[in-house]
Amino acid sequence: MEPGIIKKLDETVVNRIAAGEVVQRPANALKELIENCLDAKATQIQITVRQGGLKLLQIQDNGTGIRKEDLDIVCERFTTSKLREFGDLTSINTYGFRGEALASISHVAHLTITTRTKDSKCGWKVSYVDGKPTGAPKPCAGNQGTQISVEDLFYNVVTRRKALKSASEEHGKVAEVVSRYAVHNYSVGFTLKKQGDNATDIRTPPNSTVVDNVRTIYGPSVARELLEVSCEDTNLKFSLKGHISNANYSVKKCIFLLFINHRLVDSTALRKAIETVYSSYLPKNSHPFLYLSLEIDPQNVDVNVHPTKHEVHFLHEESIVEKIQQAVESKLLGCNSSRTFYTQALLPGASTVPSLSGKSSSDTHDKGGTSEKKDKIYAHQMVRTDSRDQKLEKFLTKPEASKNTGEDEDFQEDKQPSSGNEEQNKREVKLTSILTLRSQMESSCHVGLLEAVKNLTFVGCVNPEYALIQHLNKLYLTNTSALSEELFYQIMLNEFGNFGILKLSSPASIYELAMIAFDMEESGWTEADGTKEDLASYIRTLLLSKASMLDDYFSLQVDDEGNLCTLPYLLDDYVPAMEGLPMYVLRLATEVEWDNELECFQTFCRETAKFYAVQRNHAPLEEDGDRGWRWQVEHLLYPAMRKTLLPAQHFAQDTTFLQIANLTELYRVFERC
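Residues numbered from 1 in each chain as written. Predicted model: local features only at pLDDT ≥ 70, side-chain atom pairs only at ≥ 80, totals over all residues. Heavy atoms only, no water.

Peer 1: Hey, could you go over the packing of aromatic side chains for me, with residue numbers and the actual values?
Peer 2: Under the criterion given, the structure shown has 17 aromatic pairs. Relative to Phe 601, the ring of Phe 496 has its centre 5.0 Å away and its plane inclined at 65°; by these criteria the two rings are edge-to-face. Taken together, the residues span a long stretch of sequence, with Phe 496 in the loop between α14 (480-494) and β21 (500-509) and Phe 601 in helix α19 (residues 597-612) at a distance of 105 residues. The exposure class assigned to Phe 496 is buried, which follows from its relative accessible area of 2%. What makes Phe 601 buried here is its relative accessible area of 5%. Between the aromatic rings of Phe 554 and Phe 601, the centroid separation amounts to 6.2 Å while the plane-to-plane angle is 65°, which identifies the pairing as edge-to-face. Here the residue Phe 554 occupies a position in helix α17 (residues 547-554), and Phe 601 occupies one in helix α19, the gap between them amounting to 47 residues. The pair Phe 554 / Phe 601 is uniform in exposure class, with both members buried. Put simply, the rings of Phe 496, Tyr 553, Phe 554, Trp 594, Phe 601 and Phe 604 pair up and form one aromatic cluster. The ring of Trp 525 carries the charged tip of Lys 532 above its face, separated from the ring centre by 4.8 Å. It is Arg 606 that lies over the ring of Tyr 489; its NZ or CZ is 3.8 Å from the centre. (Phe/Tyr/Trp six-rings, centres within 6.5 Å; stacked < 30°, edge-to-face > 60°. Helix = DSSP H or I, 4+ residues; strand = E, 2+ residues; numbered from the N terminus. Buried < 20%, exposed > 50% of the residue type's maximum accessible area, 1.4 Å probe, protein only. Lys NZ or Arg CZ within 6 Å of the ring centre and 35° of its normal.)

Peer 1: With reference to specific residues and values, describe empty space enclosed by the protein.
Peer 2: For the structure on display, the rule yields two cavities of 30 Å³ or more. Approximately 30 Å³ is the volume attributed to the second largest cavity. Surrounding the second largest cavity, Ile 510, Leu 543, Leu 556, Leu 564, Tyr 584, Val 585 and Leu 588 form its lining. Here the lining of the second largest cavity gets three residues from one element, more than from any other, and that element is helix α18 (residues 581-590). (1 Å grid on protein atoms, 1.4 Å probe; cavity = no way out; pocket = protein on both sides within 12 Å on 5 of 7 lines; lining within 4 Å. Points joined across faces, edges and corners; volume = space filled by probe spheres on them.)

Peer 1: Give me the lowdown on the sheet that holds strand β11 (residues 238-245), citing residues and values where you can.
Peer 2: Strands sit in the order β10-β11-β14-β12-β13 across an open sheet of five strands; the sheet is mixed. Each edge of the sheet is formed by a strand with only one pairing partner; in this case those strands are β10 (226-233) and β13 (263-265). The sheet shows a mean angle of 20° between the axes of neighbouring strands, taken without regard to direction. The sheet strands contacting helix α5 (residues 167-184) are β12 (255-260), β13 and β14 (289-296), and the helix crosses β12 at an angle near 60°. (Pairing = 2+ DSSP bridges. Axes fitted to C-alpha atoms, helices over the stretch in contact; angles between N-to-C directions. Contact = heavy atoms within 4.5 Å.)

Peer 1: Lay out the packing of helix α12 (residues 432-443) against α19 with the relevant residues and their values.
Peer 2: Contact pair α12 / α19: the axes reach a minimum separation of 9 Å and the direction vectors enclose 55°. Considered as vectors, α12 and α19 are oriented oblique to each other. Of the two elements, α12 crosses α19, and the hand of that crossing is right-handed. Contacts from Ser 433, Ile 434, Thr 436, Leu 437 and Gln 440 of α12 reach α19 at Glu 597, Leu 598, Phe 601 and Gln 602. (Parallel < 35°, antiparallel > 145°, perpendicular 65-115°, else oblique. Left-handed = near helix turned anticlockwise from the far one by under 90°.)

Peer 1: Can you explain α19? Please cite residues and give values.
Peer 2: Given a rise of 1.5 Å per residue, 16 residues ought to cover 22 Å, and the 22 Å separating the end C-alpha atoms of α19 matches this to within 8%. The elements touched by buried residues of α19 are α12, α14, β21, α17, β22 (563-569) and α18. Taking the backbone nitrogen of Leu 598 as reference, a side-chain oxygen 3.2 Å away marks Asn 596 as the first, capping residue of α19. (Expected span 1.5 Å × (residues − 1). Polar contact = N/O pair within 3.5 Å; in protein donor to acceptor, adjacent residues only side chain to side chain.)

Peer 1: Which residues make up the nonpolar core, and what are the values?
Peer 2: Residues Phe 554, Leu 556, Leu 567 and Phe 604 are the most contacted members of the largest nonpolar core, which totals 76 residues. Setting aside residues up to four positions removed in sequence, Leu 567 forms contacts with Gly 500, Ile 501, Leu 502, Ser 555, Leu 556, Met 578, Leu 581, Tyr 584, Phe 611 and Tyr 612. Among the nonpolar cores identified, the runner-up in size contains 56 residues, and Ile 148, Val 174, Tyr 181 and Leu 264 belong to it. (Core = buried A, V, L, I, M, F, W, Y, C linked by side-chain atoms within 4.5 Å.)

Peer 1: Explain the sheet that holds strand β18 (residues 457-461) to me, using residue names and the numbers behind them.
Peer 2: Each strand in a sheet pairs with another by means of backbone hydrogen bonds, the pair being arranged parallel or else antiparallel. In spatial order, the strands read β18-β19-β20-β23; together these four strands make up an open sheet with antiparallel pairing. Pairing within the sheet leaves two strands with one partner each, and these edge strands are β18 and β23 (657-662). Strand-to-strand twist of the sheet, defined as the mean angle between neighbouring strand axes without regard to direction, takes the value 25°. The pairing of β18 with strand β19 (residues 466-471) spans four bridges and is classified as antiparallel. Of the residues in β19, the one forming a bridge with Gly 460 is Leu 468. Of the strands in this sheet, β19, β20 (474-479) and β23 are in contact with α14, which crosses β20 at around 70°. In the packing of helix α20 (residues 629-644) onto the sheet, contacts are made with β18, β19 and β20, and the angle to β18 comes to roughly 165°.

Okay, here's the thing in structure tokens:
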């Protein structure tokens, strides 16, 4: 058998083989492109992908840009502005240094560069195939920086494309790369979105902090459990800083963000050493969150180990790992003896946020059929709130009734609901703006919380701002201020143009109300804003000019002298805290968008709702008679919420509904005591 003839491979074949080592999937290509943006001193990086980056991977920055003279060779192999001789590798302080990234991408995808430098009068656009430009640079409009578009990745390497996972999995890998660089480079703003989507998958602001970006990307549950860790050794010539989760937090898979000299890498030895420490603190098969930034003398690091630059070698590895392990262990000492447990703001009995449908989930339960049977509530699972039983307040020290009702003599109300048969006289609203706002209100409703609100059992007031309610076998701390504001906002929209009136016993001067407001700290008035007298006159003139509309749509009457005579009557027997009236008048002038119809109605309704809502600083801290704030909350507000409120989606994520006990689990705890 004759020996084979050795031939030199065609340059195109060589380049595609090399490209396959550097660019293994869209996430690898993105990592190289992000590092180029950071080397260009960018402060904003925007990434757009389609089909996980296989169809389109676009990255745009506001960095220094690329000179027009360099566009001819920028995609050729071994062309770089960051390295001149081999010895420079010992002190390299940039991400890129081999000049292979753009070259490799251009051999396995269609690559287009649009760039503009600070001194250039216009931008320049060039497309590349196999490292060569397809034509001369074309002038175009553009901001300073560079945009690189990578289309049809691996279009000419079919086996590699078929070997990749689904588009959704590749998108997850892309998001992982962006997340890690965003946490480490917290001074740079990162944005990741899918092409055609308005919403972003990741968005971090520039000049943020590590903890803020961890909170944005990985969630508040890990951000609030972070411990800052640091370590330094002059003999080993390294320093470490980072954030690690404490013993209160654990996940099924370790999240390990490791940067060595600001380069995203992995170290199996370091990961295992740290997880060994956590094994004494976390439950079995649970893992921590780790972000570590390690800086080592560049002379002790070999960054040219792997084509993807994901692996690095450094001197004294065992000693450095041991030092870091000790630093982590010293931070965790004592955590096991001082655990903190947090409640979770979550909708009742659901792990996801369902979309709004025509029927509430309670309706579905009642229908039977394929729906699950509604849970039965047993006696031992209930909080007693029946009027025949003892109320929650019986177990609290009841304050004496306030002698002063907290109402100013000038602001006594004469409640006058609209006359006649309301159903017959109610006028139909055809304004597109109001119909749009009503539609937005309905579409943002949270079905799980809607069921909880419609079937709530009122337990008692904690203070004017918070109350306790029960739904099924769960006990919730609810934010009465937020819920009542949303209730009155929805009433403003639903009853638009059909309000009764709350008549003040004597008209209140808008000018004087504004002057009172400017004396309040919450107004934020400073001398730079102008004199109080001039501003108060402006507010009086503004509301006078809107008097006809305010009376017609909102039953808010302003007489010719600039006096406020009536307020809208929103809820039977309910009167807002009148000490908030001066700030309400001020905010009508400053916060309402009077020039746009939809925004005007939206902001006016929202400001009115804030005035009517229960506020801790407005409601008296003591009972003010038989019909004080406790009576209003229990007998007016929560029944009205149960009847009409459509709880917004965000109530399920913020602390408006805070689950503080699952009564079934609570009894199990008592049984073990």
